[in-house]
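Residue strings, one per chain:
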Amino acid sequence: MLQGKHIVLGVTGSIAAYKIASLASMLKKRGADVTVIMTSNATNFINPITFETLTGNKCLVDTFDRNFQYSVEHVSLAKQTDVFLVAPASANVIAKAACGIADDMLTTTLLACECPKIVAPAMNTRMYKNPIVQNNIKILQNYGMEVITPATGYLACGDTGEGKMPEPELLLEYIIKALQPKDMEGLKVLVTAGPTREKIDPVRYISNHSTGKMGYAIARAAMMRGAEVTLVSGKTAIAPPAGVHTIDVESAQDMAEAVKECAAKQDIIIKAAAVADYRPKSVAEQKVKKKDGDMSIELERTEDILGYLGAHKQPGQFLCGFSMETENMIANSRAKLERKNLDLIVANNLKQQGAGFGTDTNIVTLLSKEDTIQLSIMSKEEVADELLNYIMKQKPGQK
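What comes next is a walk through the structure. Predicted model, so just to flag it, every value in this text is computed and none were measured.

What follows is about the pattern of salt bridges. Taken as a whole and judged by the stated rule, the model has 14 salt bridges. Close ionic contact of Asp103 with Lys96 constitutes a salt bridge, the shortest N to O distance being 2.8 Å. In this structure, Arg225 engages Asp385 in a salt bridge whose closest nitrogen and oxygen atoms are separated by 3.3 Å. Residue Arg225 is found in the loop between α9 (213-224) and β11 (228-233), and its partner Asp385 is found in helix α13 (residues 380-393); the two are separated by 160 residues along the sequence. Overall, the relative accessible area of 27% leaves Asp385 in the partly exposed class.

Below is the structure:
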């Protein structure tokens, strides 16, 4: 996604400027061509040589610097820029950008750029909440710039509150998102992910080996392509993707209730969660003590969430399920496709190396009434994109 892309980082006078060195390095390692523009105030916090060493490009500060190959620098740079990120963005630079003031290299180039522009405010909490700053942020948003909400935490001034610049990893996500085609804009997507836990007693539960990696990759990919994404997730060790509305659940019943509540409004539903088929018929109020001899637990069926969705599918809604098998993968998955009124099922075999729970890769077959598409081994992120590519060809959301 970043290979060969030209990213401009605008750095202003804030203590958070040091974090942009990490971001510049991340972008460069991913194949991007990175140029850093600094305000003169920013050079008091980090030396331009740092960015030149990391990017291999001259760090621009002075609009009238004569030590470069002649061109109208801010114009030529603006023409080749794919994404312009201002981070950290001070209240001063936000105000100038909102008013179209171009009195230094950073603001001049920003005004000349026609590419996607992202602004990451970083300042004292009181400054950030000042109505003037908030109004300037709204002006930038009205002009089509994406403004990243600051993090909340301990600030350099000693205060605690909003105004902290997000970490470089999150800024990188916003840059990648800006480069993605927005073919899913206007669509609402529901994704389920992870395992469920069915309580035996206050200490123990029944679960499975799902890590949620596949579902999270799908939710992130849909968000990157412009969709409004809701992720209903069982307990995982993965941080929810930025920009995705996440609903945390524990049991199959919790997941059923969460899915039912929002299903009717969705254009696309992708059920990637590994939901328990059975749960203990009764849950002990106290810890079940160990005794001599064997023990048995009576189980009862959980609700069939996918079956419910198939029976209540809305006009124009696209419903996709997952099928994890250990034998007769195609036959079992096709039967599930028909039985549950699905538009697509993603089948994989747990016994196949490179597929299944906990891996970073997957090997899947996309099955619909018309198609059988076998994908080669891919990262789960690549599988997510291929899945969404297929779904978008079916024109979901058209009632």
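Back to the text.
Moving on: the sheet that holds strand β12 (residues 245-248). If you trace the eight strands from one edge of the open sheet to the other, you get β12-β11-β8-β13-β16-β17-β19-β20, paired in mixed fashion. With one partner strand each, in any of the chains shown, β12 and β20 (372-374) form the two edges of the open sheet. Each neighbouring strand pair of the sheet contributes to a mean axis angle of 15°, computed without reference to strand direction. Sheet topology places strand β8 (residues 188-193) next to strand β13 (residues 268-271); four bridges connect them, and they run parallel. In the strand pairing of β13, Thr192 is matched with Lys271.

Of all the six residues making up β8, five are buried; the element is thus mostly covered by neighbouring parts of the structure. Where β8 lies against β11, six bridges are found, and the strand directions are parallel. Residue pairing in the sheet places Lys188 in a bridge with Glu228 of β11.

On the surface, a nonpolar cluster with roughly 400 Å² of combined accessible area is contributed by Tyr278, Met295, Ile297 and Leu299. With respect to the helices, strands and loops of the structure, Met295 is situated in the loop between β14 (278-280) and β15 (299-301). For Met295, a relative accessible area of 56% puts it in the exposed group.

The final tally for this structure, using the stated rule, is zero aromatic pairs. Above the face of the Tyr308 ring, Lys260 is positioned so that its terminal group lies 4.7 Å from the ring centre. Between the NZ or CZ atom of Arg301 and the centre of the ring of Tyr278, over which it lies, the distance is 5.6 Å.

Moving on, we get to unusual backbone geometry. In terms of backbone geometry, most residues other than glycine have negative phi values and most peptide bonds are trans. That bond from Ala87 to Pro88 is cis: its omega, -10°, falls within 30 degrees of zero. Structurally, Pro88 can be placed in strand β3 (residues 83-89). A positive phi angle, close to 50°, is found at Asn328, a residue other than glycine.

About the criteria used
Residues numbered from 1 in each chain as written. Predicted model: local features only at pLDDT ≥ 70, side-chain atom pairs only at ≥ 80, totals over all residues. Heavy atoms only, no water. Salt bridge = Lys/Arg side-chain N within 4 Å of Asp/Glu carboxyl O. Helix = DSSP H or I, 4+ residues; strand = E, 2+ residues; numbered from the N terminus. Buried < 20%, exposed > 50% of the residue type's maximum accessible area, 1.4 Å probe, protein only. Pairing = 2+ DSSP bridges. Axes fitted to C-alpha atoms, helices over the stretch in contact; angles between N-to-C directions. Patch = residues over 30% accessible without salt bridge, like charges linked within 9 Å, V, L, I, M, F, W, Y side chains within 5 Å. Areas by Shrake-Rupley, 256 points an atom, 1.4 Å probe, with all protein chains shown as cover. Phe/Tyr/Trp six-rings, centres within 6.5 Å; stacked < 30°, edge-to-face > 60°. Lys NZ or Arg CZ within 6 Å of the ring centre and 35° of its normal.

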